[in-house]
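Working through the structure, step by step
Chain by chain, the residues:
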Amino acid sequence: MKDIVITRLMRFKKQALSLSFWLLFPLLMTLLVVYGFEQMKTDVNVPVGVVADESSVETDGLMEEMKKTEFIRLVETEEAAAKNQLEKHQLDSVFKVSPDFSDDIAEGRHRHLLDSYHSNQSFAYVPVKEMVISYVQEDFYRSRAAKVLDRLSAKYGEEGKWSREEIINTSKEIQQEQDLLDVSLQMSGEPSNNDDSAMPLDIWAIWASFTLLATLLLFDWIIQERHAGVRPRFAFMRYSFKHYLLLNGVLYLMLSLVLNAVTMVLFEAVLQKTISMGTMFAFQLTISLGAFLLAHLFKRAFAYYMVSFAITLVIAVGSGTILPNQGLIQQFPWLMQLNPLQPFLEDGYVNLFSIVVVGGALFWYLKRGTSRVTS
Amino acid sequence: MLQVNALNKSYGRRTVLKDVHFSVSPSQVVGLVGENGAGKSTLLEILATLTKPDDGTLSYKGLQYGKDEKKLRKQIGFVPQDIALWEDFSVKENMLFFEKLSWVKRNKQELRALLEEVKLDRWKEKVTQLSGGMRRKLNLAISLIHDPDLILLDEPTTGIDLKSSKEIGSYLHNQAKQANKTVVYTSHDMSEIMDICDQVFFIGEDPFYEEILTASGQEVVRLM
């Protein structure tokens with residue numbers, strides 16, 4: 001094996017650039033997609049200006065609610081600057097909180113709490129306005145409830161037992177505990193879909209798709225060396241050509257596994273995404289064996305590259321990495337058994353595809369050479 | 001001693017070799033001549049264990065073909081007609097690569113000495129920068145890394161300059177006479193055949209080569 005490692009290193013030296021590229025490709029591409037997506041999310045958030053001259057619990061609460069809202073990028077600014085930015089269409093719309101906002105809320109006055117500005121290009125103005133109104137109404141009715149409770153307490157001789165702030169805070173706590181707006185409903189018997197991840201992308205699915213492509217393209221050496229002029233020499237060497245291919249295939253697998261281990265550590269540290277070592281190993285073994293066998297079917301590398309890209313695209317779509325495909329899978333559930341990514345994405349080890357690939361590899365190993373060169 | 005008895009080989013309906021008998025003693029250089037498609041390369045590939053005969057018995061130094069294949073291959077140095085080198089490697093890298101996979105371990109000095117024997121002194125040169133003759137010499141040297149006793153060459157001097165051709169011929173002759181090796185090779189170059197061969201075997205139907213050789217006083221053995 002030492003000699004195989006040395007000879008492979010000699011071959012690697014000639015392909016250092018492409019080898020490094022394809023080994024790092026899944027890791028780099030996944031990070032690129034993840035950060036690209038994050039950046040895109042920031043870029044597509046609607047910029048909304050807020051002018052608040054008064055700082056109070058109520059005003060700050062409203063601002064916090066708006067900041068927490070997805071797809072809105074809140075810009076706290078001065079009125080003149082806000083109008084200027086609106087004219088330049090740097091802001092979609094501007095909301096000015098009344099200087100008496102907290103007093104009006106406390107007194108139950110709900111007229112003229114906010115002023116709003118928008119332009120002829122304020123495409124998100126209407127939904128943003130409705131959303132802001134809903135936040136204000138929430139505060140308004142909470143305050144009103146406190147006032148009613150205060151009055152009832154006074155009526156029944158319990159005056160001063162609860163302060164207004166206590167009532168409002170308790171109301172907020174109850175809302176948070178019950179999480180009324182975020183409760184997700186599901187049909188009886190169906191699994192819940194409470195994904196608390198902030199990342200809507202399935203990072204491991206993306207990584208697995210890129211790894212599949214990289215592995216297929218890494219194994220093009222089989223085509224090049226099977227059809228190289230040096231092949232007849234192996235009949236007179238210590239290693240038959242079959243063993244030479246097999247041992248080199250093992251080397252490529254080991255190299256990929258090292259890179260996978262680096263990926264696991266990095267994804268856990270940076271993206272807080274984990275996966276079991278066994279699942280990762282089983283996945284890499286399966287796709288490496290698949291690539292090893294597939295490369296044997298081709299005489300020309302270009303045709304192999306085209307097929308590799310096509311296979312990756314079909315499998316990525318079939319796995320739902322690019323587009324949701326639940327309908328197709330529900331109609332033909334057996335399709336997933338032929339998907340090399342399926343066990344990996346379900347934290348498993350094998351499916352029908354893995355078994356077929358292992359069977360194919362055994363057949364390849366045990367069959368006698370029929371070619372002119374019998375090694 | 002290389003012995004071949006009642007050897008037959010057909011490809012479909014086409015008979016290539018029919019009832020071929022011959023023997024070659026150690027330290028002999030044998031030339032195989034005949035027109036293109038006569039069966040020279042097929043015979044050489046059978047002797048190299050790369051192609052199986054339909055019938056017949058073959059043995060070398062008591063080792064039976066079809067039975068002792070692995071042991072036979074350790075004794076055989078086969079030089080293919082097509083250049084079998086890593087084109088993106090240098091001379092040194094090619095030698096080291098095939099030494100690593102060879103039966104016999106050789107150090108760098110021994111590999112350089114082998115190249116010097118075939119008159120190739122371009123250790124660090126890229127294969128792509130070598131002339132046709134130099135490539136042929138490297139092709140030959142790689143096949144001899146494991147120091148085989150039976151050297152089989154398929155047109156080793158095709159398309160190269162006269163000087164390189166003479167150097168290769170001279171090297172093969174010396175290997176047979178000084179190192180007691182058996183050399184069998186095919187060629188279309190009749191003057192080279194007459195210069196270095198102890199025996200000439202003729203295969204085929206076109207008597208052209210046979211006539212040239214006999215006219216020059218070379219004894220020719222007809223194999224079919």
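For the structure given in this document, a descriptive report is provided here.

Digging into the overall build of chain A
Tallying secondary structure elements over chain A gives 15 helices and four strands in all. In chain A, which comprises 375 residues, the share counted as buried stands at 26%. Taking as baseline every contact in chain A between residues at least 6 positions apart, the subset at least 24 positions apart corresponds to 73%.

Looking at the overall build of chain B
Each helix and strand in chain B was counted, giving eight helices and ten strands. Taking 224 residues into account, the globule formula puts the C-alpha radius of gyration at 17 Å, and chain B, at 17 Å, falls close to it. Judged by the C-alpha coordinates and their principal axes, chain B covers about 45 × 40 × 35 Å. Residues counted as buried form 46% of the 224 residues belonging to chain B. Taking all contacts inside chain B whose residues are at least 6 apart in sequence as the whole, residues at least 24 apart take part in 68%.

Side note on unusual backbone geometry
Residues and elements named next belong to chain A. Backbone geometry places His 89, a non-glycine residue, at a positive phi of 60 degrees. By the element assignment, His 89 lies in the loop between helix H4 (79–87) and strand S3 (93–97). Under the C-beta neighbour-count criterion, His 89 is labelled exposed, with 12 such atoms within 10 Å.

A closer look at the interface of chain A and chain B
Contact residues are listed per partner, giving 16 residues for chain A and 20 residues for chain B. Grouping the constituent residues of the side of chain A that touches chain B by class yields nine nonpolar, two polar and five charged.

A look at the sheet that holds S3(A)
Two orientations exist for strands paired in a sheet by backbone hydrogen bonds: parallel and antiparallel. All names here are of chain A. Read across the open sheet, the four strands follow the order S2-S1-S3-S4; overall the sheet is mixed. The open sheet has two edge strands with one neighbour each: strand S2 (72–76) and strand S4 (114–118). Averaged over neighbouring strand pairs, the angle between their axes works out to 25 degrees when direction is ignored. Here five bridges tie S3 to S4, and the two strands are oriented antiparallel to one another. Its bridge partner being in S4, Phe 95 is matched across the sheet by Ser 116. Against the sheet, helix H6 (residues 125–155) engages strand S1 (46–52), S2, S3 and S4, with an angle of about 170 degrees to S4.

Overview of the environment of B:Val91
Residues and elements named next belong to chain B. Summarising the element assignment, Val 91 is placed in helix H3 (residues 91–100). The exposure class of Val 91 is buried, given the 27 C-beta atoms found within 10 Å. Spatially, the C-alpha atoms of Val 91 and Met 134 are 9.8 Å apart, while their sequence positions differ by 43 residues. The contacts of Val 91, once residues within four sequence positions are left out, are Arg 122, Trp 123, Lys 124, Glu 125, Val 127 and Leu 138.

Observations regarding the nonpolar core
One finds A:Phe219, B:Val30, B:Leu32, B:Leu152, B:Leu172, B:Val183 and B:Val184 to be the most contacted residues of the largest nonpolar core, which totals 107 residues. Considering each element in turn, this core owes the most residues, ten residues, to helix H8 (residues 203–218) of chain A. Ranked by size, the runner-up nonpolar core spans 16 residues in total, among them A:Val51, A:Leu62, A:Leu86 and A:Leu91.

Here we look at the pairing of S2(A)
Residue and element names in this part refer to chain A. Of the strand pairs in this sheet, S1 and S2 are connected by five bridges, and their pairing is parallel. Bridged to Val 48 within S2 is Leu 74. Between the parallel elements S1 and S2, the chain passes through helix H3 (residues 57–68) in a crossover that is right-handed.

Here we look at the packing of helix H2 (residues 16–44) of chain A against H8(A)
Residues and elements named next belong to chain A. Between H2 and H8, whose axes approach to 8 Å, the crossing angle comes to 150 degrees. As summarised for this structure, H2 and H8 are arranged roughly antiparallel, according to the angle between their axes. Read as a crossing pair, H2 and H8 show a hand that is right-handed. Seen from H2, the contacting residues are Trp 22, Phe 25, Pro 26, Met 29, Thr 30, Val 33 and Val 34; seen from H8, they are Ile 203, Ile 206, Trp 207, Phe 210, Thr 211, Ala 214, Leu 217 and Leu 218. The class makeup of the residues in the contact of H2 with H8 is 13 nonpolar, two polar and no charged.

Notes on the pairing of strand S8 (residues 182–186) of chain B
Residues and elements named next belong to chain B. Counting buried positions along S8 gives five out of five residues, so the element sits mostly inside the fold. In S8, alternate side chains face the same way, and those of Thr 182, Val 184 and Thr 186 on one face and Val 183 and Tyr 185 on the other are all buried. Where strand S7 (residues 150–154) lies against S8, five bridges are found, and the strand directions are parallel. Bridging from a neighbouring strand, Ile 151 pairs with Val 183 of S8.

Each value, and the rule that gives it
- Residues numbered from 1 in each chain as written.
- Chains lettered and ligands numbered in written order.
- Predicted model: local features only at pLDDT ≥ 70, side-chain atom pairs only at ≥ 80, totals over all residues.
- Helix = DSSP H or I, 4+ residues; strand = E, 2+ residues; numbered from the N terminus.
- Buried ≥ 20, exposed ≤ 12 C-beta atoms within 10 Å, placed from the backbone.
- Contact = placed C-beta atoms within 7 Å.
- Rg over C-alpha atoms; globule rule 2.2 N^0.38 Å.
- Nonpolar A, V, L, I, M, F, W, Y, C, P; charged D, E, K, R; others polar.
- Pairing = 2+ DSSP bridges.
- Axes fitted to C-alpha atoms, helices over the stretch in contact; angles between N-to-C directions.
- Core = buried A, V, L, I, M, F, W, Y, C linked by C-beta atoms within 7 Å.
- Right-handed = clockwise from strand over helix to strand, strands pointing away.
- Parallel < 35°, antiparallel > 145°, perpendicular 65-115°, else oblique.
- Left-handed = near helix turned anticlockwise from the far one by under 90°.

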